[in-house]
Amino acid sequence: GLSIFFGAMLAAGPLTAGSLSLDGPLTQGGLVIGKTDPGTKVSVNGKPVRVSGEGVFLMGFGRDANKTVSLRLVHPDGTRTEKDLAISRRDYQVQRIDGLPERQVTPRKPQDLARIRDDNAKIAGVRKRDTALSGFASGFQWPALGPLSGVFGSQRILNGKPRRPHNGVDVAAPRGSAVTAAADGIVALVHSDMFFTGKTVMIDHGHGLSSVYVHMDDIRVTDGQNVSKGTPIGTVGRTGRVTGPHLHWGVSLFGTHLDPALLAGPMKDPTAGK
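Because the structure is predicted, anything quoted here is derived from the model rather than measured.

Thresholds, definitions, all that
- Position numbers for residues start from 1 in each chain and track the written sequence from start to end.
- Reporting of local features is limited, given that this is a predicted model, to residues whose pLDDT is at least 70; pairs of side-chain atoms are given and counted only at 80 or more, and all residues count toward the totals for whole chains, interfaces and linings.
- To get the side-chain values, all heavy atoms of the structure are used, and hydrogens and water are removed first.
- Segments assigned H or I by DSSP are reported as helices when at least four residues long, segments assigned E as strands when at least two residues long, and all are numbered from the N terminus.
- Here a polar contact is recorded for every N or O atom pair within 3.5 Å, except that within protein the pair must consist of a potential hydrogen donor and a potential acceptor, and residues adjacent in sequence are included only if both atoms are side-chain atoms.
- Working rule for contacts: check all heavy atoms of both residues, and any pair within 4.5 Å makes them a contact.
- In short, DSSP must find at least two bridges between two strands for them to pair.
- What makes a salt bridge here is a side-chain nitrogen of Lys or Arg within 4 Å of a carboxyl oxygen of Asp or Glu, nothing more.
- Categorising residues by exposure relies on relative accessible area from a 1.4 Å probe, with only protein chains included: less than 20% of the type maximum marks a residue as buried, more than 50% marks it as exposed, and the intermediate range marks it as partly exposed.
- The set of buried Ala, Val, Leu, Ile, Met, Phe, Trp, Tyr and Cys residues whose side-chain atoms join them within 4.5 Å is what this entry labels a nonpolar core.
- One less than the residue count of a helix, multiplied by 1.5 Å, gives the span that helix is expected to have.
- Comment: arc refers to directions from the helix axis out to C-beta atoms.

## Description of the side chain of His166
Relative to the helices and strands, His166 is located in the loop between strand 11 (161-163) and strand 12 (169-171). Here Asp170 takes part through its side chain, which lies 3.4 Å from a polar atom of the side chain of His166. Each residue touching His166, except ones within four places of it in the same chain, is listed here: Gly150, Val151, Phe152, Gly153, Ser154, Arg156 and His248.

## Some remarks on the pairing of strand 14 (residues 185-194)
Summarising the sheet, strand 14 and strand 18 (residues 226-227) pair through two bridges and their orientation is antiparallel. Bridging across to strand 18, Gly185 finds its partner in Val227. Linkage of strand 14 to strand 15 (residues 198-206), two consecutive antiparallel strands, is achieved through a turn of three residues.

## Examining the pattern of salt bridges
Across all of its chains, the model carries 11 salt bridges by this definition. In this structure, Arg63 engages Asp64 in a salt bridge whose closest nitrogen and oxygen atoms are separated by 2.9 Å. Look at Asp64 and you get exposed, because its relative accessible area is 54%. Of the charged contacts, one joins Arg72 and Asp84 as a salt bridge, the two residues approaching to 3.5 Å between their closest N and O atoms. One end of the pair, Arg72, is in strand 6 (residues 68-74); the other, Asp84, is in strand 7 (residues 80-86), with 12 residues separating them in the sequence. Through salt bridges with shared partners, a single ionic network connects Arg72, Glu82 and Asp84.

## Focus on the nonpolar core
Counting 30 residues, the largest nonpolar core has Val201, Leu209, Tyr213, Ile233, Leu247 and Trp249 as its most contacted members. For this core, the element with the most residues is strand 20 (residues 247-253), which contributes four residues. Setting aside chain neighbours within four positions, we find Trp249 in contact with Phe140, Gln141, Trp142, Pro143, Gly168, Val169, Ala182, Ser211, Val212, Tyr213, Pro260 and Ala264.

## Focus: helix 3 (residues 110-127)
With 18 residues, helix 3 extends 26 Å from end C-alpha to end C-alpha; this agrees with the ideal 26 Å at 1.5 Å per step. Every buried residue of helix 3 is accounted for by Asp112, Ile116, Asp119, Ile123, Val126 and Arg127. Along the long axis of helix 3, the arc covered by the buried residues comes to 100°, so they all point the same way. The exposed residues of helix 3 that point more than 90 degrees off its buried face are Pro110 and Arg117. Buried positions along helix 3 lie against helix 2 (102-105), strand 14, strand 15, strand 16 (209-216), strand 20 and strand 21 (256-258).

Function cannot be read off these values alone, since they describe shape.
This is the structure in structure tokens:
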């Protein structure tokens, strides 16, 4: 028992000067949680990033991230760590979706365009937040269970027209089933009717990491509410631009979309153990 006790003490003790550990996949769409000495200054591709009081920082790689990312640390004792991280590339599928209302594929009405601009501004506002929260430390779980009807990064062809790649995952869970918070955080946006996304919730997990849950039928949380991983936040629906009920779940580090499936890992079979 003593060796375990001492091991735990060592693990909790101060990291050696100039220390660095990285946890997460170095791949397009991946999130990496770094840990270094408290007080270290960290920059990623020349941009400074938030480092928590415990020395924790985040790095995220977009769908089309370059082959290498430069990580630079200046430790409190003045020593430097410089690493060029190799980011592995991924192949993405093409997804064709037909039968959408033309108004939602190519909006032209001034009132629709005004709504879209307003929606986008609200979403972008949440993605600019850089709070000291560390909700991401809870780890991530799937916010709904069901077949995946859309995956991260796929090129979308809507009614035959090429559109932007899909920036999240779609879970084809039954209408009315629970949507839960994927990780700890604070509810940063609640909107009852966005043009494309319908009933929409966003959660701030800290350090610029946020998640979005869209097309819901019901919303069960309020703006500013603290949520824990697994807290019910709404129900699966078909509001906004959809062909059937599903949950679109997205995760981004500031403006960089990440692959939620890499964060949550393989989905557990909901029927297992029943």
